[in-house]
Amino acid sequence: MKKSQNSYLAGTIFKQLLLKKNINAYRLGQQTGIDKTYLSKLTSGIIKKPGHDKLAKIAQVLELKPSQLHAIFTKPEIAAAELNIGEIKLTQQQLIQSSRQDWGEAPDGIVCYGRVAEMAILQQWLIQERSRVIILYGLNGIGKTTLAVHLAKQFQHEFDYIFWRSLWYAPSLEIILTEALGLTTRKQTSEAGVAQKISQLLFQLRQNRCLLIFDQIESILATGNTTQQYQTGYQVYGELFRQIAQLEHQSCLLIISNEKPQDLAILESASASIRSLQLQGLTTAADRLLEDKQLSEKELWHELITIYRGHPLALKIVATTIKELFNSSISEFLRQNTFFLGDLKFLIERQYRRLSDAERTLVCTLAKENQLVSISQLQAEPNLLMNCSEIIWLLDCLKRRSLLETIQENNQTWYTLQPIVKKYLNFYG
Ligand SMILES: Nc1ncnc2c1ncn2[C@@H]1O[C@H](COP(=O)(O)OP(=O)(O)OP(=O)(O)O)[C@@H](O)[C@H]1O
Ligand SMILES: [Mg+2]
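Calculation rules
- Residues numbered from 1 in each chain as written.
- Chains lettered and ligands numbered in written order.
- Predicted model: local features only at pLDDT ≥ 70, side-chain atom pairs only at ≥ 80, totals over all residues.
- Heavy atoms only, no water.
- Buried < 20%, exposed > 50% of the residue type's maximum accessible area, 1.4 Å probe, protein only.
- Helix = DSSP H or I, 4+ residues; strand = E, 2+ residues; numbered from the N terminus.
- Pairing = 2+ DSSP bridges.
- Expected span 1.5 Å × (residues − 1).
- Near = heavy atom within 4 Å.
- Polar contact = N/O pair within 3.5 Å; in protein donor to acceptor, adjacent residues only side chain to side chain.
- Nonpolar A, V, L, I, M, F, W, Y, C, P; charged D, E, K, R; others polar.
- Domains from an automatic or database assignment.
- Core = buried A, V, L, I, M, F, W, Y, C linked by side-chain atoms within 4.5 Å.
- Contact = heavy atoms within 4.5 Å.

Caption draft 1: Structural context of the pairing of strand E4 (residues 210-215). Of all 6 residues in E4, 6 are buried; the element is thus mostly enclosed. In E4, alternate side chains face the same way, and those of Cys 210, Leu 212 and Phe 214 on one face and Leu 211, Ile 213 and Asp 215 on the other are all buried. Sheet analysis places strand E3 (residues 161-166) next to E4, joined by 6 bridges and oriented parallel. Bridging across to E4, Arg 165 finds its partner in Phe 214. One ladder, built from 4 bridges, connects E4 with strand E5 (residues 252-257); its direction is parallel. Bridge pairing in E5 links Phe 214 to Ile 255.

Caption draft 2: Fine view of unusual backbone geometry. Its identity as a non-glycine residue notwithstanding, Arg 130 has a phi of 50°, on the positive side. Structurally, the position occupied by Arg 130 is in the loop between helix H8 (116-128) and strand E2 (133-137).

Caption draft 3: Structural detail: helix H10 (residues 173-185). Relative to the 18 Å expected for 13 residues at 1.5 Å per residue, H10 spans 17 Å between its end C-alpha atoms, a close match to the ideal helical length. Of all 13 residues making up H10, 10 are buried, and the element is well covered by its neighbours. Those residues of H10 that sit buried are Leu 173, Ile 176, Leu 177, Thr 178, Glu 179, Ala 180, Leu 181, Gly 182, Leu 183 and Thr 184.

Caption draft 4: Structural view of the site of ligand 1. The full set close to ligand 1 counts 18 residues, and Tyr 113, Gly 141, Lys 144, Thr 145 and Thr 146 are the nearest of them. One of the side-chain nitrogen or oxygen atoms of Asn 140 is found 3.3 Å away from an oxygen atom of ligand 1. One nitrogen or oxygen atom from the side chain of Thr 146 is found 2.5 Å from an oxygen atom belonging to ligand 1. Elements with a contribution of two residues or more to the shell around ligand 1: helix H9 (144-154) and helix H16 (312-325). Residues that form the shell around ligand 1 fall into these classes: 9 nonpolar, 6 polar and 3 charged. Each of domain 2 (102-278) and domain 3 (286-340) contributes no fewer than three residues to the shell around ligand 1.

Caption draft 5: How the structure looks around the environment of Leu 221. In this fold, Leu 221 is placed in the loop between E4 and helix H12 (235-246). Using a relative accessible area of 4% as the deciding quantity, one classes Leu 221 as buried. Spatially, the C-alpha atoms of Leu 221 and Ala 170 are 9.5 Å apart, while their sequence positions differ by 51 residues.

Caption draft 6: Geometry of the nonpolar core. Leu 126, Leu 211, Leu 254, Leu 304, Tyr 308, Leu 366 and Leu 395 are the most contacted members of the largest nonpolar core, which has 74 residues in total. The element best represented in this core is H16, accounting for 6 residues. For Leu 395, the contacting residues outside a window of four places in its chain are Leu 362, Leu 366, Ile 375, Leu 378, Leu 404 and Tyr 415. Formed by 35 residues, the second largest nonpolar core is a distinct cluster that contains Ile 135, Tyr 137, Leu 205 and Phe 214.

Written out as structure tokens, the structure reads:
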């Protein structure tokens, strides 16, 4: 076996060891204080073996002797047999695949109910049309990450490389580029500058069919009234997105966010190679979430799902509360006549805090409306004092931030807030 294959094998066996010990790279990072990027390089075989200190820390958390862990990286097959680590006779195909995918912080073992229509749309863009950039956006907890994992797993065989990163901690683009290039070129490229690394990545995207997935990109987007679109120091991400969208290659960048970045929205209207999908709640598949929680009173499920508009996280939270506090009785919960959000409240609050003052004023006005409203009705609203173009601009911003619903009725467009957001504002605002 070649030396490089040996390190892929060691990485794969290390990954299996983590599975056996029921710990993922993220938690291992938290418990050892070791950077998760370092750990994911170990699992993908880019780093051949950990240094002495790190090895000792990892061995301690995994309850192994340092020598046992060391053996995994030096004599992987023998060590795997000694530690009784699952299936290690990997086929050449599996060996190559595990060395070409880096799932980063993507959740493992997810369940994705429903989403048939959304999967069909995304498949069309990803596989048939070969879109260069796909933006999947929607409210916090609506199921973006779940759907994206499901999509990427389903079509992983269509790609030479898969690279998933969450931008939740706002990593610098340089780190992300180094890691992506580490996966596709198997070389450390730390000496090159960001611009050079962007062109190296684009070269890789031309040479190979890669699926890059950047989750939670709202962390690098600017908040509030600012005219800049990215947080200070992160504008260079915008440059990368623009180049991936506009230059010719055979790969795809899937962007997941609760906001659609405005610069990409502008490019989208001019190019068929950028697509975006705003994710809404679950429809009939929402039943399965309530079934999982073994709620009774099936005749009331529809009512509960309608109140929360099929928002999967809200339904999971509410169903747990109904089970634990109301002895699984939906009717007793509904009798409280309250709108309960549990921890989802904090997620919506986070999204609300990103708004500019003008957006907040409009959002609060919309929250008080009992009916759908038109632009002319908003213009006549005494609390707003905004002209038509200002209102249109703000509605556009709220739509991109996944807070607004638009409805076509009687040849006219009507506006309202996403029901969960509306209820949040009326209860807690
Ligand atoms: N289709 C689905 N089937 C089953 N469970 C789902 C589905 N979609 C979402 N969920 C569940 O709802 C919760 C929220 O989903 P997810 O994390 O994918 O949302 P998100 O939109 O990525 O949220 P955030 O904006 O906070 O990143 C998770 O617990 C997930 O398991
Ligand atoms: Mg998510």
